[in-house]
Amino acid sequence: MSFLQLRGVEKIFGQHKVIKGVDLDIHKNEFIVFVGPSGCGKSTLLRMIAGLESIDGGSLHVDGKNITHLPSSQRDLAMVFQSYALYPHMTVYDNMSFALKLAKVAPDVIKQKVEHAADILNLSKYLQRTPKELSGGQRQRVAIGRAIVRAPKIFLFDEPLSNLDAALRGQTRVEIHKLHRALGVTTIYVTHDQVEAMTLADRVVVLRDGAIEQVGAPLDLYDKPANQFVAQFIGMPSMNIVKAAQLAGFGSLSGQTGFPVPSDGLIGVRPEGVRVLPAGRSGVPGKVELIESLGADTLIHVEVKGTSMISRQSERTALEVGDPVTLEFDLSSLHCFDSAGRMVARI
Ligand code: ADP
Ligand code: MG
């Protein structure tokens, strides 16, 4: 079990600074998820921690020791990639035992470790197969098994589920979660998928353009996003954001809540904080644009003064596209941002 400290970590490719001074403390046992849009620097930051990319500024410490320039082979961590990176001609057993063989571990110890990992990962039946005789999910489990047998101080995952179909992704996500509970190894996991971030992480690190936007427990990010970017990146469907001035109905909010909504600011409300009422009730008038019935949930898209807002409700609806409605907002779930998108307050 290890802890990490990143201090002003920077990466420069050519003229381009892609990691812009990252400060982060990762605690023992923690499951940390780096999340952010494609190209924001998640893989680069992970690869710098792994020692696969040099660190051009700042420092990296593991268990209090400065390892900024330590070669990858001496960092005692194991990485799992999206592409699995298995040896195609080797059996599952040989793939999983390869690193231990290189390290000259005794064959009976190797056997015990591989069989234990195979057992945890439901791979015992497949030890003599080669990767091409396995499904994508099984291949990814072999890649994870290969990491487990090395008993590293830290696990690093780079989008390990991206090549799997939706059902396998969900299943493997649950396995990774259970594995972390069983092994308790400090883990850093990169994804662009906010659902993976929310479900796996002890704490989520939201990255944008090479810098940290916010770090926090999943529900803290959901409930108290620091800015419009985090507010809209976390949560599905995204938080509705409208210009305060755009919605006449919001004008009276200051009075109701005692909170001054800046006239050039933005108001955010999660879809579950928007209620759709019959037309003519007091609230903000709108018109149904689209209905998505998901079974347990119904998403109703409503056009309000040229903006589209989404309401999520657990009841089914008899409404139809084109119907006039009234929107009512749950005051306890409103967020307020200034004109630059920074959170002013959660109302
Ligand atoms: P993410 O994993 O979040 O999608 P990356 O870390 O792969 O993003 O990339 C971050 C930025 O760094 C991107 O703009 C990418 O084009 C750039 N980049 C990544 N690797 C290299 C490289 N080896 N040389 C030059 N630019 C790179
Ligand atoms: Mg990446």
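Above this text sits the structure in question.
Description of the structure in this document. Please read all numbers here as calculations on a predicted model, not as lab measurements.

## Focus: the overall build of the chain
Thought 1: When its secondary structure is counted, the chain shows 10 helices and 19 strands.
Thought 2: If one aligns the C-alpha atoms of the chain with their principal axes, the spans along those axes are about 80 × 45 × 35 Å.
Thought 3: Expressed as a percentage of its 347 residues, the buried residues of the chain come to 48%.
Thought 4: As presented, the chain carries roughly 16100 Å² of accessible surface, and 51% of it is formed by carbon and sulfur atoms.
Thought 5: Of the charged side chains in the chain, 38 are positive and 36 negative; the average position of the first set lies 6 Å away from that of the second.

## Some remarks on the sheet that holds strand E14 (residues 284–293)
Thought 1: Across the sheet, 5 strands lie side by side as E13-E17-E14-E15-E16; this open sheet has antiparallel pairing. Either end of the sheet is taken by a strand with one partner, and the two such strands are strand E13 (274–278) and strand E16 (307–313). The mean inter-strand angle of the sheet, taken between neighbouring strand axes irrespective of direction, is 45 degrees.
Thought 2: For strand E15 (residues 298–304) and E16, the ladder comprises 7 bridges, and the chain directions are antiparallel. Residue pairing across strands places Val-304 opposite Thr-307, the latter belonging to E16.

## Some words on empty space enclosed by the protein
Thought 1: Inspection of every chain in the model, using the stated rule, returns 1 cavity of 30 Å³ or more.
Thought 2: In this structure, the largest cavity occupies an estimated 50 Å³ of space.
Thought 3: Along its surface, the largest cavity is lined by Phe-31, Phe-155, Phe-157, Ile-176, Leu-179, His-180, Leu-183, Val-185 and Thr-187.
Thought 4: Breaking the lining of the largest cavity down by element, the ones donating at least two residues are strand E7 (154–158) and helix H5 (166–183).
Thought 5: Here the lining of the largest cavity gets 4 residues from one element, more than from any other, and that element is H5.
Thought 6: The residue inventory of the lining of the largest cavity, partitioned by class, reads 7 nonpolar, 2 polar and no charged.

## Remarks on the pattern of salt bridges
Thought 1: Counted according to the given criterion, the structure contains 17 salt bridges.
Thought 2: Residue Lys-11 pairs with Glu-53 through a salt bridge whose shortest N-O separation is 3.8 Å. Of this pair, Lys-11 sits in strand E1 (residues 4–13) while Glu-53 sits in the loop between helix H1 (42–50) and strand E4 (57–62), and the two are 42 residues apart along the sequence.
Thought 3: When its relative accessible area of 3% is taken as the criterion, Lys-11 is described as buried.
Thought 4: With its nearest N and O atoms 3.9 Å apart, the salt bridge here joins Asp-63 to Lys-153. Residue Asp-63 is found in the loop between E4 and strand E5 (65–66), and its partner Lys-153 is found in the loop between helix H4 (136–149) and E7; the two are separated by 90 residues along the sequence.
Thought 5: Its relative accessible area of 32% is what places Asp-63 among the partly exposed residues.
Thought 6: Given a relative accessible area of 32%, Lys-153 falls into the partly exposed group.
Thought 7: Residues participating in the shared-partner salt-bridge network are Lys-11, Arg-47, Glu-53 and Asp-56.

## Quick look at the packing of aromatic side chains
Thought 1: A full pass over the atoms with the stated rule returns 5 aromatic pairs.
Thought 2: For the pair Phe-155 and Phe-157, a centre-to-centre distance of 6.0 Å together with 45 degrees between the ring planes defines the contact as tilted.
Thought 3: With a centroid separation of 5.6 Å and 40 degrees between ring planes, the pair formed by Phe-157 and Tyr-189 is classed as tilted. Of the two residues, Phe-157 sits in strand E7 while Tyr-189 sits in strand E8 (residues 186–191), which places them 32 residues apart along the sequence.
Thought 4: Overall, the relative accessible area of 3% leaves Phe-157 in the buried class.
Thought 5: For Tyr-189, a relative accessible area of 0% corresponds to the buried category.
Thought 6: Connected via pairs of aromatic rings, a cluster forms that spans Phe-31, Phe-155, Phe-157 and Tyr-189.
Thought 7: Here the basic side chain of Arg-270 rests over the ring of Tyr-222, its NZ or CZ set 3.8 Å away from the ring centre.

Conventions adopted
Residues numbered from 1 in each chain as written. Chains lettered and ligands numbered in written order. Predicted model: local features only at pLDDT ≥ 70, side-chain atom pairs only at ≥ 80, totals over all residues. Heavy atoms only, no water. Helix = DSSP H or I, 4+ residues; strand = E, 2+ residues; numbered from the N terminus. Buried < 20%, exposed > 50% of the residue type's maximum accessible area, 1.4 Å probe, protein only. Areas by Shrake-Rupley, 256 points an atom, 1.4 Å probe, with all protein chains shown as cover. Lys, Arg positive; Asp, Glu negative; His and termini not counted. Charge placed at Lys NZ, Arg CZ, Asp CG, Glu CD. Pairing = 2+ DSSP bridges. Axes fitted to C-alpha atoms, helices over the stretch in contact; angles between N-to-C directions. 1 Å grid on protein atoms, 1.4 Å probe; cavity = no way out; pocket = protein on both sides within 12 Å on 5 of 7 lines; lining within 4 Å. Points joined across faces, edges and corners; volume = space filled by probe spheres on them. Nonpolar A, V, L, I, M, F, W, Y, C, P; charged D, E, K, R; others polar. Salt bridge = Lys/Arg side-chain N within 4 Å of Asp/Glu carboxyl O. Phe/Tyr/Trp six-rings, centres within 6.5 Å; stacked < 30°, edge-to-face > 60°. Lys NZ or Arg CZ within 6 Å of the ring centre and 35° of its normal.

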